[in-house]
Amino acid sequence: GSITLATPLPAVTKQMIIDATTAPGYAAGGAPAVTVDAAGKSGLVFGQGSDSSQLLGVALTRATGDGVTIAAQSVTINANYIGITPAGAAAGNTGAGVYLAPGSADNVIGLNESGDSGAVSNVISGNGGDGIRLQGSSSNTLVANRVGTNPAGTSAVPNKGNGLAIVKDSNG
């Protein structure tokens, strides 16, 4: 299903699990079954107080600014399409696909629990800024993400900035 925002989403300020992997039609390792079309509104923000939150199995498209902003600790982003529709068409956010803000730490962008070579977690493509931007963020883990490609990894759906930008006192 698709959710088109009429108003901006409020920032997440408490621990929250947004889990679309339980939606009808979702298949593990496949495209998200739920799309959040920001329709020019701001993207999803995990703000202070949202430590240990999770975003699972959502396509997030057409936000003004960053698709997902993380300004918290230990947030997990997995099995999402950010800036691209479940069909693989570019529907980018105007900023970064995923932005890890100053002071955020210990976040996980993508999981590969099976350890299989070629496993794909998030597809972060078609955004107006960097695919993933770490700015003043530390001790993060990025695993099994397709950045700047279609879901199969066979053709480019570029972000307009860098695929991965690590800036201003950031690390891993």
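Everything here concerns the structure above.
Here is a short report on the structure shown in this document. (Residues numbered from 1 in each chain as written. Predicted model: local features only at pLDDT ≥ 70, side-chain atom pairs only at ≥ 80, totals over all residues. Heavy atoms only, no water.)

### Some points on the overall build of the protein chain
Of regular secondary structure, the protein chain possesses 0 helices and 16 strands. Relative to the 2.2 N^0.38 estimate, which gives 16 Å for 172 residues, the radius of gyration of the protein chain is 14 Å and therefore close to what a compact globule would have. Referenced to the eigenvectors of the C-alpha coordinate spread, the extents of the protein chain come out at roughly 40 × 35 × 30 Å. Evaluated residue by residue, the protein chain yields a buried proportion of 46% over its 172 residues. When contacts within the protein chain are restricted to residue pairs at least 6 apart in sequence, long-range pairs at least 24 apart make up 72% of them. Carbon and sulfur atoms form 52% of the exposed surface of the protein chain, whose accessible area is close to 7400 Å². (Helix = DSSP H or I, 4+ residues; strand = E, 2+ residues; numbered from the N terminus. Rg over C-alpha atoms; globule rule 2.2 N^0.38 Å. Buried < 20%, exposed > 50% of the residue type's maximum accessible area, 1.4 Å probe, protein only. Contact = heavy atoms within 4.5 Å. Areas by Shrake-Rupley, 256 points an atom, 1.4 Å probe, with all protein chains shown as cover.)

### A word on the sheet that holds strand β10 (residues 98-100)
The sheet built from 5 strands is open, its strands ordered β4-β7-β10-β13-β16 with parallel pairing. Both outer strands of the open sheet, β4 (42-46) and β16 (164-167), are each paired with one neighbouring strand and no more. The average angle at which neighbouring strand axes cross in this sheet is 20°, direction not considered. As defined by bridge partners, β4 adjoins strand β7 (residues 64-70) across 4 bridges and the pair is classed as parallel. Each bridged residue has a counterpart across the sheet, and for Leu44 the counterpart in β7 is Val68. (Pairing = 2+ DSSP bridges. Axes fitted to C-alpha atoms, helices over the stretch in contact; angles between N-to-C directions.)

### What to know about unusual backbone geometry
Residue Ala39 is not a glycine yet carries a positive backbone phi of 50°. The residue Ala39 is located in the loop between β3 (34-37) and β4 in this model. Assessed through its relative accessible area of 25%, Ala39 is described here as partly exposed. Its identity is not glycine, yet Ser52 carries a phi of approximately 70°, on the positive side.

### Remarks on the pairing of β7
Two faces belong to every sheet, and in a regular strand the side chains alternate between them. As judged from the 3 bridges shared by β7 and β10, these two strands associate in the parallel manner. Paired with Val68 across the strands is Val98, a residue of β10.

### A word on the side chain of Asn122
Along the chain, Asn122 turns up in the loop between β11 (108-109) and β12 (123-124). A polar contact is formed between the side chain of Asn122 and the backbone oxygen of Ile77, at a distance of 3.0 Å. Polar contacts involving the side chain of Asn122 include one to the main-chain amide nitrogen of Asn80, which spans 2.9 Å. Beyond its immediate chain neighbours, meaning those up to four positions away, Asn122 contacts Ile77, Asn78, Ala79, Asn80, Ile109, Gly110, Ala144, Asn145 and Arg146. (Polar contact = N/O pair within 3.5 Å; in protein donor to acceptor, adjacent residues only side chain to side chain.)

### Re the sheet that holds β12
If you walk across this open sheet you meet the 6 strands as β1-β3-β6-β9-β12-β15, and the pairing is parallel. At either end of the open sheet lies a strand with only one pairing partner, and these are β1 (2-4) and β15 (146-147). Pairing between β3 and strand β6 (residues 58-61): 4 bridges, direction parallel. Bridging across to β6, Val34 finds its partner in Val58.

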